[in-house]
Structure formats: structure tokens, C-alpha cells
Amino acid sequence: MFSDIGALELVTLVVLAVLVFGPDKLPKVIQDVSRFIRKIREFSDSAKQDIRSELGPEFKDFEFEDLNPKTFLRKQLENNEDLKELKELRGTFDLKKEMNEVADAVHGRETAPAPSAAPAAVNGSPDLLKKQDKRDDPGAAERPPYDSDAT
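To start, this report covers the structure provided alongside it. (Residues numbered from 1 in each chain as written. Predicted model: local features only at pLDDT ≥ 70, side-chain atom pairs only at ≥ 80, totals over all residues. Heavy atoms only, no water.)

This next bit is on the overall build of the chain. Regarding its fold elements, the chain presents four helices and two strands. In the chain, the succession of helices and strands from N to C terminus is α-α-α-α-β-β. Looking at the chain as a whole, 5% of its 151 residues are labelled buried. Here the chain displays about 14,600 Å² of accessible surface, and carbon together with sulfur accounts for 60% of that area. (Helix = DSSP H or I, 4+ residues; strand = E, 2+ residues; numbered from the N terminus. Buried < 20%, exposed > 50% of the residue type's maximum accessible area, 1.4 Å probe, protein only. Areas by Shrake-Rupley, 256 points an atom, 1.4 Å probe, with all protein chains shown as cover.)

See the structure below:
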């Protein structure tokens, strides 16, 4: 409960408690506070038991910590057999490569051509799937400037 409180903080709290309540009333205040905390814990435990009994036997393993979305997902993924497939899928996805391809497409740069088995021209007709080289089209040498206000 007090794992993150150091020795100096604990001594400071004790000195403040002695100054505020006085050495005569301090034991009574400590008893009252501990009794209050004990009652809250009992109330919380009884409420949890009531909820579990009302939910029925299907939820006998139900833990209230599972209501935290992170805990729930972690527990579901640990019990899932498709986790291996998910890890494989995650390993094949390269976010940097995808982002670079999108950026290249936006800026009009050509990406590295994928090796294709289709020839460039079949029976003298041009390949319509292949991008035309800018050197082939003399009018497409300059791209108009980008106007952010127009979009």
C-alpha cells in the first residue's frame, strides 16, 4: 500500500500527525482511521460477493480487475490460439515501408518498380499498366506547383 513512500516522507507524515493531533489524541485517531479503512474493505468485499452471487454460476471466476480494458484484452489474448497468427501478421507488416510508399505517391515520386513477368509491349501496343516515363511526354516535364489553399 505504501510501497512508493520513502523513509523521509514517512517521518514527515508522523511529525505532522503529532503536531496536528498532539501526542495525547494520536493513538485514538490512528485507531479510528484503521477502523474506518477496515469497514470500507468489508463493505467492498461484501458488495463484490453480492454481485458475484447475483451474476450466477457462469461468472464464478469473474474478477473485477477484468473490467479494466487492458487487463481484459491481455487475458483474452493469452487464452486465444490465434495469437500466433496475429504475431505472424504483425511481423509481416512494415509500417515504415507503407508510409514511405504513401509519401512517394503523394509527392509524385516513383517507387522502386516491382519485378513483373508481363512484357513492356505486346504485339507493338504499349503496356497500359506501366507508368509512362516523363522523358517520353515532353509536355509533362514540369508539374504545376502545389497550392494548399486550393485543396
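Still more to cover.
What follows concerns helix H4 (residues 95–107). Across its 13 residues, H4 extends 18 Å between first and last C-alpha, which sits within 8% of the 18 Å expected from 1.5 Å per residue. After H4 finishes, the residue Gly108 shows a positive phi value of roughly 80 degrees. (Expected span 1.5 Å × (residues − 1).)

Before going further, it helps to examine the environment of Val14. Mapped onto the elements of the fold, Val14 is located in helix H1 (residues 7–55). Residue classification places Val14 among the partly exposed positions, given a relative accessible area of 47%. Spatially, the C-alpha atom of Val14 lies 9.8 Å from that of Leu26, the residues being twelve residues apart in sequence.

With that out of the way, let us pick up the environment of Ser46. Of note, Ser46 is situated in helix H1. Residue class for Ser46 comes out partly exposed when judged on its relative accessible area of 35%.

Before going further, it helps to examine H1. For H1, built from 49 residues, the straight-helix expectation of 72 Å at 1.5 Å per residue is missed by more than 12%, its first-to-last C-alpha distance being only 44 Å. Of all the bends found along H1, the most pronounced is centred on Gly22 and spans about 100 degrees, while Pro23, a proline, follows it within four residues. Residues of H1 that are buried include every one of Gly22, Leu26 and Arg52, and no others. Downstream of H1 by a residue or two, Gly56 has a phi angle that is positive, lying close to 105 degrees. (Bend = angle between axes of the 7 residues up to and from the residue.)

This model, assessed by the stated rule, comprises two salt bridges. Across the pair Lys28 and Asp32 runs a salt bridge whose closest N-O atoms are separated by 3.4 Å. Taken together, the residues span about one helical turn, with Lys28 and Asp32 both in helix H1 at a distance of four residues. A salt bridge links Asp32 to Arg35; its shortest N-O distance comes to 3.2 Å. Residue Asp32 and its partner Arg35 are located together in helix H1, separated by three residues, close to a single helical turn. Residue Arg35 is classed as partly exposed on the basis of its relative accessible area of 39%. A single network of salt bridges, built from pairs that share partners, joins Lys28, Asp32 and Arg35. (Salt bridge = Lys/Arg side-chain N within 4 Å of Asp/Glu carboxyl O.)

Keep in mind these values describe shape, not function.
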